[in-house]
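# Chains, contacts and geometry: an overview
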Amino acid sequence: MNRYTPVWLFIVFLIFFLLCGCAEAPGEIESEMREEGELLTVRLPGGDWGFPTPFAHYARGPGVSHMRYIFDSLLEKDENGLIPWLAEDYEILDEGTRYLFYLQPDVHWHDGTALTADDVTFSFNYYREHLPVWIDDPLILSDDYLLSVESKAESTVEFVLAAPNATFLEKAGRLPIIPAHIWSEIERPDEFNDPEALTGSGPYILNNYSKEHGTYRYAANQQYWGPQPRIDILEFIPVSDEVLTLENGDIHFARVPADLLERFTDNPLYEIMEQPAFWGYRIRFNMVGLPEFQQKELRQAFALAINREELVEKIARGQGIPGSMGMLSPDHRWFNHNLPAYEYDSGKATEILSSLETPARESYELLVGEDAEVRIGELLKEQLARAGINLTVAPADLKTRDSRIIEGNYELVLVGHGLWGTDPDYLRQRYSEETEDWLNGTPGYNNSAFSKLAEKQVREMDEEKRREIIMEMQEILADDVPDIPLYLRVTVNIYRRDIYDGWIHIYDHHEPTHNKLSYLER
Amino acid sequence: MSILTSGIKSSTAMAYRSSKRIWRNLSLMGRTATVILIILAVMALFAPQLTWHPPDASSGPALAPPGNTHLLGTDDLGYDLWSMICFGARISLLVGLGTALLAGLGGAFLGIAAAFRGGWLERIIMRLVDITIVLPDLPVMIILAAFFGPSVRNIIIVLVLFSWAGPARLIRSQALMLKEQPYIKMAAHYGGNFFYLLKRHFFPELLPLLTVSMIRLAGMAVITEASLSFLGLGDPTSRSWGLIINHAVSFSGIYFTPFWKWWLLYPWLFLTLLVVSLALVGRETERLADPRL
């Protein structure tokens, strides 16, 4: 080898990189006009979310949405609340212990069989034996609570309950209805993945699914009983970079980070759509293992020592809103606007820390998950150090983190999850009663005033009165700070306006592609 | 006292003379690489003196471009990149040096022992070497790193477990040759035990060869640590270069923004400099150790 060869190699290398920088910018894509009669195909970012029956999809939002394209429920949700769906009307009788659902006439399954009240009763009774993957509260199906489900006529179903429950309509009304003539023989529904398992009554029919590639292809159900599907073919394809794929025209809907929004503003092809903040992070305390956390003053000191605005600015790049100590998302329809703000004040936090009965320890371990959560942990460590609280950030992969939560094996833990916009009854499940359930409850936290209100709201059938109780519950939580909500993400979506523009947000969910109303005539 | 000082003086003088001799024999690339390595080592050693912002606390606005206050800009949390790179050099060099020393010396010891003792010991060691060489290292390392949990110490252990086999095999073959040399046979005959021979004959003879293989190991270790960190298997709270790159790359849409021009480019540049310099120095020492090449 010549002694100058490395130098030459270096020069060639340098030129190569400089030339790479001069690559031609991608050409602008033109608006695509459809010919008369041509099918409208909309492509969305995909990924494997399981076989979309009520028993085999994955227990995450996208998995549920795939199942709901195929299966209908008695009720649906729109921008403002619950709306009649398979049930064209319903009645609540006997002070909320008896429900009558009147089904739409002329509803057919994808295979042409008529959908009747018997299918509805079958579905609920089948779910009692075999729980579906996605169910808010399995207790509503228990024999002690749901006393009977019977079909009264060909299109009327009667539910008799042991006690009134303000959330029954939502919880039962959203369960998918499955055909009795297909499922009645099935013993292991989670393993039933014949094509006929996908016979639903919904607006879309799955005609291709690849688990390996994470692709789904749906065709519109031409015989749909309800509002007609506007998209003829709905495809989910695997995507590694949503922005790049959107710009290339391969997908028509994407999630776009804050720093890239500029590329799409003022472009007539694209529409920008901000999601409501229903996905967020919170910090949980272990009040059993570390009894000092039972002092609300210590928890308040933590809340004051955390600069939530800074988290929004730095981690979410401004795409988020700080959490409220009342726990509900500020975008929630029943959010209480008159709660203490817990503005960042490390001085006050230090003051509280020095006057505690049981003093805080020198240092705490914060269990976090991956990626962004580690960054949040690092920022929290820095912020809390200013108030004199030392934090060690202990990262773990998501599965380890979750299993340590279930075992109660943590001091402080950071969790991120969705559903901050759903029925506030989740506050009851999370913060009332003494519980051993580390995943859904808060062991060690007990406030009898809160528990009483929580029990009262679930039996209150008058919505306005119930709303007031929920407001009061938020006030108690904001004072007690059983958890610290850090921030809620405000994701920005961009879609191709020339291809399809029917995207909507239902009142309690952040993702417009997850609700079937986004795909139907309005 | 005077004997001691004169001893130190003479050994310093000897070291100076021999390094001067080595320096004269180095090619231009070798000299450049050595200088770069020395600069990087100085950066790591004197990181607290060379930086004026903490590496683990935000010291300015997020994602500020390179400028007067922040020499190489800041990352998304507002941490100073120059500080992170200087302190990160410690991790990269520690991993490189630690792995090279442990795997190199350990592997050499096993190789010599196998050659010298022979018999069942040799068979066991050589079969272990075969197994370690056959196993695909990166996938297994990913599993081990995930299993042991992320920390710099664990990464060094995992790297050592996978890289001792190369030097062991190399050194064994040389030691086999050396063992047959008359002077070694003589020394053994007069009662020199294994450790005596190891210290007085094998190690000094094999040192040049071992150095070459250790420098190679160091380069490999630095790259593997960076890859593991990049894949998210390093210690996520450390400030290694691989991790800075990992954070930069997981920032969504970084290539569409100007941020990559400092956040991604500089750690990449320093990593490349270190690895390329190590490779060049390795090649040079190989040439010096074996003049036939």
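### Observations regarding the overall build of chain B
A tally of regular secondary structure across chain B gives 13 helices and zero strands. Starting at the N terminus and ending at the C terminus, chain B contains elements arranged as α-α-α-α-α-α-α-α-α-α-α-α-α. With the C-alpha coordinates aligned to their principal axes, the bounding extent of chain B is approximately 70 × 50 × 40 Å. For chain B, the proportion of its 293 residues judged to be buried stands at 46%.

### Description of the side chain of T167(A)
Residues and elements named next belong to chain A. Along the chain, the position of T167 falls in the loop between strand 7 (156-161) and helix 4 (168-173). At a separation of 2.7 Å, a polar atom in the side chain of T167 contacts the side chain of N165. Contacts of T167, omitting those with residues within four sequence positions, involve D423, D425, V458 and R466.

### Digging into helix 2 (residues 61-70) of chain A
All names here are of chain A. For helix 2, the tally of buried residues reaches nine of ten residues, placing the bulk of the element in the interior. For helix 2, the set of buried residues is P62, G63, V64, S65, H66, M67, R68, Y69 and I70. Buried positions along helix 2 lie against strand 8 (204-210), strand 9 (215-220) and strand 10 (233-237).

### Observations regarding empty space enclosed by the protein
Rolled over the atoms, a probe with the dimensions of a water molecule shows which regions are left empty. Taken as a whole and judged by the stated rule, the model has two cavities of 30 Å³ or more. Approximately 40 Å³ is the volume attributed to the largest cavity. Residue lining of the largest cavity: I91(B), V95(B), S151(B), V152(B), I155(B), E225(B), G234(B), D235(B) and S238(B), and that is the complete set. Those elements that provide at least two residues to the lining of the largest cavity are helix 4 (81-117) and helix 7 (152-163) of chain B. Across the lining of the largest cavity, the residue classes tally to four nonpolar, three polar and two charged. One number sums up the size of the second largest cavity: a volume of about 30 Å³. Taken together, M67(A), R68(A), F71(A), D72(A), S73(A), E76(A), R174(A), L175(A), P176(A) and K516(A) make up the lining of the second largest cavity. Here the residues of the lining of the second largest cavity are counted per class, giving four nonpolar, one polar and five charged.

### Some points on the sheet that holds strand 5 (residues 98-103) of chain A
All names here are of chain A. Strand order in the open sheet made by the four strands is 4-5-7-6, with antiparallel pairing throughout. The open sheet has two free edges, formed respectively by strand 4 (87-93) and strand 6 (146-153), since each of these has just one partner strand. For this sheet the average axis-to-axis angle between neighbouring strands, irrespective of direction, equals 15 degrees. Of the pairings in the sheet, the one linking strand 5 to strand 7 comprises five bridges and is antiparallel in character. Bridged to F101 within strand 7 is V157.

### What to know about the confidence of the model for chain A
Atom-level detail of predicted coordinates should not be read off regions where pLDDT is low. Residue and element names in this part refer to chain A. Of the residues in chain A, 93% reach a pLDDT of 70 or more, and the chain-wide mean stands at 91. Strand 18 (residues 483-489) holds the highest mean pLDDT among the elements of chain A, 97, whereas helix 1 (residues 5-21) holds the lowest, 60. Low pLDDT, under 50, characterises residues 20-27; the stretch is placed with zero contacts to residues that sit more than four places away or in other chains.

### Digging into the environment of L105(B)
All names here are of chain B. Here L105 shows up in helix 4. Residue L105 is classed as partly exposed on the basis of its relative accessible area of 37%. Spatially, the C-alpha atoms of L105 and D80 are 37 Å apart, while their sequence positions differ by 25 residues. Apart from the residues lying within four places of it in its own chain, the contact partners of L105 are A100, F203, L210 and M214.

### Thoughts on the packing of helix 10 (residues 194-230) of chain B against helix 13 (residues 265-289) of chain B
Residues and elements named next belong to chain B. Orientation of helix 10 relative to helix 13, taken along the N-to-C sense of each, is 165 degrees, at an axis distance of 9 Å. By the angle class used here, helix 10 and helix 13 are roughly antiparallel. Crossing handedness for the pair helix 10 and helix 13: left-handed. Mapping the contact onto sequence places P208, V212, I215, R216, A218, G219, V222, I223 and A226 in helix 10 and L271, L274, V275, L278, V281, G282, T285, E286 and A289 in helix 13. Here the residues of the contact of helix 10 with helix 13 are counted per class, giving 13 nonpolar, three polar and two charged.

### Regarding the confidence of the model for chain B
Mean pLDDT for chain B: 87, with 96% of residues reaching 70 or above. Both scores are available for the predicted complex, with the pTM at 0.82 and the ipTM at 0.77.

### Brief notes about the domain arrangement of chain A
All names here are of chain A. Each assigned domain of chain A is listed here: domain 1 (6-237 + 496-519) and domain 2 (280-489). Placing a centre on the C-alpha atoms of domain 1 and another on those of domain 2 gives a separation of 32 Å. Across the boundary between the two partners, domain 1 contributes 16 residues, which contact 14 residues of domain 2. Of the roughly 1,100 Å² buried at the junction of domain 1 and domain 2 (both faces included), carbon and sulfur atoms supply 56%.

### Structural notes on the interface of chain A and chain B
Often, the extent of an interface is quoted as the loss of accessible area on bringing the components together. On the chain B side, the residues contacting the 22 residues of chain A number 22 residues. Carbon and sulfur atoms supply 62% of the area that chain A and chain B bury against each other, a total of about 2,000 Å² over both sides. Of all residues in chain A, K314(A), R375(A) and E378(A) give up the largest surface area on contact with chain B, accounting jointly for 30% of the area buried on that side. Taken together, chain A and chain B are joined by three salt bridges. Between R239(B) and E378(A) there is a salt bridge; the shortest N-O distance is 3.1 Å. Run the count over chain A and chain B and you get eight residue pairs in polar contact (both at pLDDT 80 or more). Among the elements that take part in the side of chain A that touches chain B, helix 10 (residues 372-386) of chain A stands out by supplying five residues, more than any other. Taken together, the residues that form the side of chain A that touches chain B break down as twelve nonpolar, no polar and ten charged.

### A short note on the pairing of strand 4 of chain A
As a general feature of sheets, a regular strand has side chains that alternate between the two faces. Residues and elements named next belong to chain A. As defined by bridge partners, strand 4 adjoins strand 5 across six bridges and the pair is classed as antiparallel. In the sheet register, Y90 faces strand 5, and the bridge partner there is F101. What sits between the antiparallel neighbours strand 4 and strand 5 is a turn of four residues, in which D94 has the positive phi angle 50 degrees.

### Considering helix 3 (residues 117-129) of chain A
Residues and elements named next belong to chain A. Between its terminal C-alpha atoms helix 3 stretches 19 Å, which fits the 18 Å expected from 13 residues at 1.5 Å a residue. Within helix 3 the residues assigned to the buried category are A117, D119, V120, T121, F122, S123, F124, Y126 and Y127. Against the buried residues of helix 3 lie strand 5, strand 6, strand 7, helix 4 and helix 5 (180-183).

### Observations regarding the sheet that holds strand 14 (residues 320-322) of chain A
Residue and element names in this part refer to chain A. Sheet architecture is open: six strands sit in the order 14-18-13-17-15-16, paired in mixed fashion. Of all strands in the sheet, those with a lone pairing partner are strand 14 and strand 16 (390-395), marking the two edges. Taken over all neighbouring pairs, the strand axes of this sheet differ in orientation by 20 degrees on average, direction set aside. Inspection of the sheet shows strand 14 paired to strand 18 by three bridges, in the antiparallel sense. Bridging from a neighbouring strand, G320 pairs with R489 of strand 18. Sitting on the sheet, helix 7 (residues 296-305) is in contact with strand 13 (279-285), strand 15 (363-368), strand 17 (412-417) and strand 18, with an inclination near 30 degrees to strand 18. Contacting strand 13, strand 15 and strand 17, helix 11 (residues 398-407) crosses the sheet at an angle of about 120 degrees to strand 17.

Cut-offs and rules
- Residues numbered from 1 in each chain as written.
- Chains lettered and ligands numbered in written order.
- Predicted model: local features only at pLDDT ≥ 70, side-chain atom pairs only at ≥ 80, totals over all residues.
- Heavy atoms only, no water.
- Helix = DSSP H or I, 4+ residues; strand = E, 2+ residues; numbered from the N terminus.
- Buried < 20%, exposed > 50% of the residue type's maximum accessible area, 1.4 Å probe, protein only.
- Polar contact = N/O pair within 3.5 Å; in protein donor to acceptor, adjacent residues only side chain to side chain.
- Contact = heavy atoms within 4.5 Å.
- 1 Å grid on protein atoms, 1.4 Å probe; cavity = no way out; pocket = protein on both sides within 12 Å on 5 of 7 lines; lining within 4 Å.
- Points joined across faces, edges and corners; volume = space filled by probe spheres on them.
- Nonpolar A, V, L, I, M, F, W, Y, C, P; charged D, E, K, R; others polar.
- Pairing = 2+ DSSP bridges.
- Axes fitted to C-alpha atoms, helices over the stretch in contact; angles between N-to-C directions.
- pLDDT = per-residue confidence, 0-100.
- Parallel < 35°, antiparallel > 145°, perpendicular 65-115°, else oblique.
- Left-handed = near helix turned anticlockwise from the far one by under 90°.
- Domains from an automatic or database assignment.
- Buried area = accessible area lost by both parts, 1.4 Å probe.
- Salt bridge = Lys/Arg side-chain N within 4 Å of Asp/Glu carboxyl O.
- Expected span 1.5 Å × (residues − 1).

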